[in-house]
Amino acid sequence: MSSEFTWEVRVYYEDTDAGGIVYYANYLKFFERARTEWLRSLGVNQDILLREHDAMFVVKSVSADYHAPARLDDVIKLTLRIEKLGRASIQFVQEAWCGERLLNTARVKVGCVDSALRPRAVPDAVAVRMRA
């Protein structure tokens, strides 16, 4: 699963701390947005996924390494790739870059659950798109 998805986001004032540096927790928000845009690029609408397949994705675990700061008005390139696609989970490697400078690397494990938050298999139609 080596295909990489990229998406860009600009750093706004609301993303920064008093020193004008991106607040550490906001990288998690940026990575969440990138995963959402990746799903959209695959033609997966999360509302329809829940309504028609009783499936949604929830974050199970995250580990993040902070390498360098991003600042107000920087354009950050977010990348993601699937490291492992399991029956009911997906392991992502996500990175945040500003130009050639690596800002953050995260491993994010996402589980597929039903509306009662019980684990369930990733719907076949979605898994096929993720593997493509």
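Above: the structure in question.
All values reported here derive from a predicted model rather than from experimental measurement.

## Some remarks on the pattern of salt bridges
Item 1. Applying the stated criterion across every chain, the model contains four salt bridges.
Item 2. With a closest N to O distance of 2.7 Å, Arg107 and Glu83 form a salt bridge. Here Arg107 is found in strand S5 (residues 101-113), whereas its partner Glu83 is found in strand S3 (residues 75-85), with 24 residues between them in sequence.
Item 3. A residue is classified by how much of its surface remains accessible, and Arg107, at 37% relative accessible area, is partly exposed.
Item 4. Among the salt bridges present, the one from Arg118 reaches Asp114, with a minimum N-O distance of 3.0 Å.
Item 5. Exposure remark for Arg118: the relative accessible area of 51% places this residue in the exposed category.
Item 6. Residue class for Asp114 comes out buried when judged on its relative accessible area of 8%.

## So, a nonpolar patch on the surface
Item 1. Judged by side-chain polarity, Tyr23, Tyr24 and Tyr66 come together as a nonpolar surface patch covering roughly 340 Å² of accessible area.
Item 2. By secondary structure assignment, the location of Tyr24 is in the loop between strand S1 (4-10) and helix H1 (26-41).

## Description of the sheet that holds S5
Item 1. Taken together, the five strands give an open sheet; going across it, the order is S1-S3-S4-S5-S2, and neighbouring strands pair in antiparallel fashion. Taken across any chain shown, the strands that pair with only one partner, and hence form the sheet edges, are S1 and strand S2 (56-66). The sheet shows a mean angle of 25° between the axes of neighbouring strands, direction not considered.
Item 2. As defined by bridge partners, strand S4 (residues 89-98) adjoins S5 across ten bridges and the pair is classed as antiparallel. Note on S5: the bridge partner recorded for Phe92 is Val108.
Item 3. Sitting on the sheet, H1 is in contact with S1, S2, S3, S4 and S5, with an inclination near 125° to S1.

## Remarks on the pairing of S4
Item 1. Across the ten residues that make up S4, a large majority, eight, are buried.
Item 2. Looking at chain direction, S3 and S4 are connected through eight bridges and run antiparallel. Considered in S4, the bridge of Thr79 is made with Glu95.
Item 3. Here S3 hands over to S4 after three residues, the two strands then running antiparallel side by side.
Item 4. Where S4 folds back onto S5 in an antiparallel hairpin, the turn is made up of two residues, including Gly99, whose phi is positive at roughly 65°.

Cut-offs and rules
Within every chain, residues take consecutive numbers counted from 1 along the sequence as written. For a predicted model such as this one, the threshold for reporting local features is a pLDDT of at least 70, and the threshold for listing and counting side-chain atom pairs is 80 or more; totals across whole chains, interfaces and linings nevertheless cover every residue. Computation of side-chain values: all heavy atoms of the structure, hydrogens and water removed. Put simply, a salt bridge is a Lys or Arg side-chain nitrogen that is within 4 Å of an Asp or Glu carboxyl oxygen. In this description a helix means any DSSP run of H or I spanning at least four residues, a strand means any run of E spanning at least two, and both kinds are numbered starting from the N terminus. A 1.4 Å probe rolled over the protein chains alone gives each residue an accessible area, and that area as a share of the maximum for its type sets the label: buried under 20%, exposed over 50%, partly exposed in between. Each patch is built from salt-bridge-free residues with over 30% relative accessible area, joining like charges within 9 Å and nonpolar side chains (Val, Leu, Ile, Met, Phe, Trp, Tyr) within 5 Å. With residues, only the protein chains shown are counted as cover, and all accessible areas are computed by Shrake-Rupley using a 1.4 Å probe. Strands were regarded as paired on the criterion that DSSP finds at least two bridges between them. To define axes, lines are fitted to C-alpha atoms, for helices over the stretch in contact only, and angles between the resulting N-to-C directions are given on a 0 to 180 degree scale. The contact definition used throughout considers only heavy atoms, calling two residues in contact when any of these lie within 4.5 Å.

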